[in-house]
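So you can see what is in the structure, the chains are spelled out below.
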Amino acid sequence: MDDCLFCKIVAGEIPADIVHATERTVAFRDINAQAPTHVLVVPRDHYADAAELATADPAASAELVLTAAAVATAEGHDDYRLVFNTGAGAGQSVFHAHLHVLAGRDLTWPPG
Ligand code: AMP
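Now for a look at the structure at hand. For clarity, every value in this text was computed on a predicted model and none was experimentally measured. (Residues numbered from 1 in each chain as written. Predicted model: local features only at pLDDT ≥ 70, side-chain atom pairs only at ≥ 80, totals over all residues. Heavy atoms only, no water.)

## Describing unusual backbone geometry
One can expect most non-glycine residues to show negative phi and most peptide bonds to be in trans.
(1) Moving on: Put simply, Trp-109 and Pro-110 share a cis peptide bond, and its omega is 0°.
(2) Moving on: Structurally, the position occupied by Pro-110 is in the segment after β5 (99-103). (Helix = DSSP H or I, 4+ residues; strand = E, 2+ residues; numbered from the N terminus.)

So, in structure tokens, the structure goes:
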């Protein structure tokens with residue numbers, strides 16, 4: 001996708017604080033962190049949201065979760081929250097699938 005922010009981060013065209021990378025995923029710190037650890041894990045290939053990714057590439061979808069767990073562990077967190085905002089009404093603002101990894105503070109439920 002020519003005009004996708006996260007495709008450009010994956011391609012190295014826009015800088016990001018990358019903390020982990022695998023064959024199919026890249027993880028980088030959220031620019032507007034909502035917790036001491038707030039990392040976004042994205043597939044290298046472009047899919048608009050989590051369901052589109054899971055349909056087209058289940059292995060990459062699983063790798064996203066495993067990368068998220070590795071990031072949480074590396075940052076010393078046993079407890080963490082994973083979030084896929086899906087659709088603008090649910091808060092999705094970047095339409096390249098991404099998994100939020102949030103940890104390092106009390107995470108209340110339900111989320112806002
Ligand atoms: P969402 O609102 O679920 O689509 O999440 C998109 C996330 O991307 C937000 O939490 C933003 O803070 C984050 N974000 C936007 N631009 C950048 C960027 N250049 N680098 C890192 N994170 C970003």
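## A word on the pattern of salt bridges
(1) Moving on: Scanning the entire structure with this criterion turns up four salt bridges.
(2) Moving on: In this structure, the salt-bridge partner of Asp-3 is Lys-8, at a minimum N-O distance of 3.8 Å.
(3) Moving on: For Asp-3, a relative accessible area of 69% corresponds to the exposed category.
(4) Moving on: The class for Lys-8 is partly exposed, based on a relative accessible area of 24%. (Salt bridge = Lys/Arg side-chain N within 4 Å of Asp/Glu carboxyl O. Buried < 20%, exposed > 50% of the residue type's maximum accessible area, 1.4 Å probe, protein only.)

## Quick notes on the nonpolar core
(1) Moving on: Residues Val-39, Val-41, Leu-53 and Val-101 are the most contacted members of the largest nonpolar core, which totals 13 residues.
(2) Moving on: Taken together, the elements giving at least two residues each to this core come down to β3 (37-43), α3 (58-74) and β5.
(3) Moving on: Residue contributions to this core peak at five residues, all from α3.
(4) Moving on: The contacts of Val-101, once residues within four sequence positions are left out, are Thr-37, His-38, Val-39, Val-41, Ala-68, Ala-72, Arg-81 and Leu-82.
(5) Moving on: Among the nonpolar cores identified, the runner-up in size contains nine residues, and Phe-6, Cys-7, Phe-28 and Leu-40 belong to it. (Core = buried A, V, L, I, M, F, W, Y, C linked by side-chain atoms within 4.5 Å. Contact = heavy atoms within 4.5 Å.)

## With respect to the site of the ligand
(1) Moving on: In the region of the ligand, 16 residues are neighbours, and Asp-30, Asn-85, Gly-91, Ser-93 and His-100 sit closest.
(2) Moving on: Measuring from an oxygen atom of the ligand, one finds a side-chain N or O atom of His-100 at 2.8 Å.
(3) Moving on: Top element by residues in the shell around the ligand is helix α1 (residues 5-10). It accounts for three residues.
(4) Moving on: Of the residues that constitute the shell around the ligand, the class distribution is seven nonpolar, seven polar and two charged. (Near = heavy atom within 4 Å. Polar contact = N/O pair within 3.5 Å; in protein donor to acceptor, adjacent residues only side chain to side chain. Nonpolar A, V, L, I, M, F, W, Y, C, P; charged D, E, K, R; others polar.)

## Digging into the sheet that holds β3
(1) Moving on: Read from one edge to the other, the open sheet built from five strands follows the order β1-β2-β3-β5-β4, with strand pairing classed as antiparallel. Of all the strands in the sheet, just β1 (18-21) and β4 (81-83) have a single pairing partner and so form its edges. Taken over all neighbouring pairs, the strand axes of this sheet differ in orientation by 20° on average, direction set aside.
(2) Moving on: Bridge count for β1 against strand β2 (residues 25-29) is three bridges, and the pairing is antiparallel. Bridge assignment links Ala-21 to a residue of β2, and that residue is Val-26. (Pairing = 2+ DSSP bridges. Axes fitted to C-alpha atoms, helices over the stretch in contact; angles between N-to-C directions.)

## Overview of the packing of aromatic side chains
Remark: the centre distance and the inter-plane angle together describe each pair of aromatic rings, the angle taken between the planes.
(1) Moving on: One pass over the full model with this rule turns up one aromatic pair.
(2) Moving on: Considering the side-chain rings of Phe-6 and Phe-28, the 5.3 Å spacing of their centres and the 75° angle between planes classify their relative orientation as edge-to-face. One end of the pair, Phe-6, is in helix α1; the other, Phe-28, is in strand β2, with 22 residues separating them in the sequence. Judged on exposure class, the residue Phe-6 and its partner Phe-28 are both buried. (Phe/Tyr/Trp six-rings, centres within 6.5 Å; stacked < 30°, edge-to-face > 60°.)

## Looking at the environment of Ile-18
(1) Moving on: By the secondary structure assignment, Ile-18 is in strand β1.
(2) Moving on: Exposure remark for Ile-18: the relative accessible area of 45% places this residue in the partly exposed category.
(3) Moving on: Separated by 68 residues in sequence, Ile-18 and Thr-86 place their C-alpha atoms 23 Å apart.
(4) Moving on: Apart from the residues lying within four places of it in its own chain, the contact partners of Ile-18 are Val-26, Ala-27 and Phe-28.

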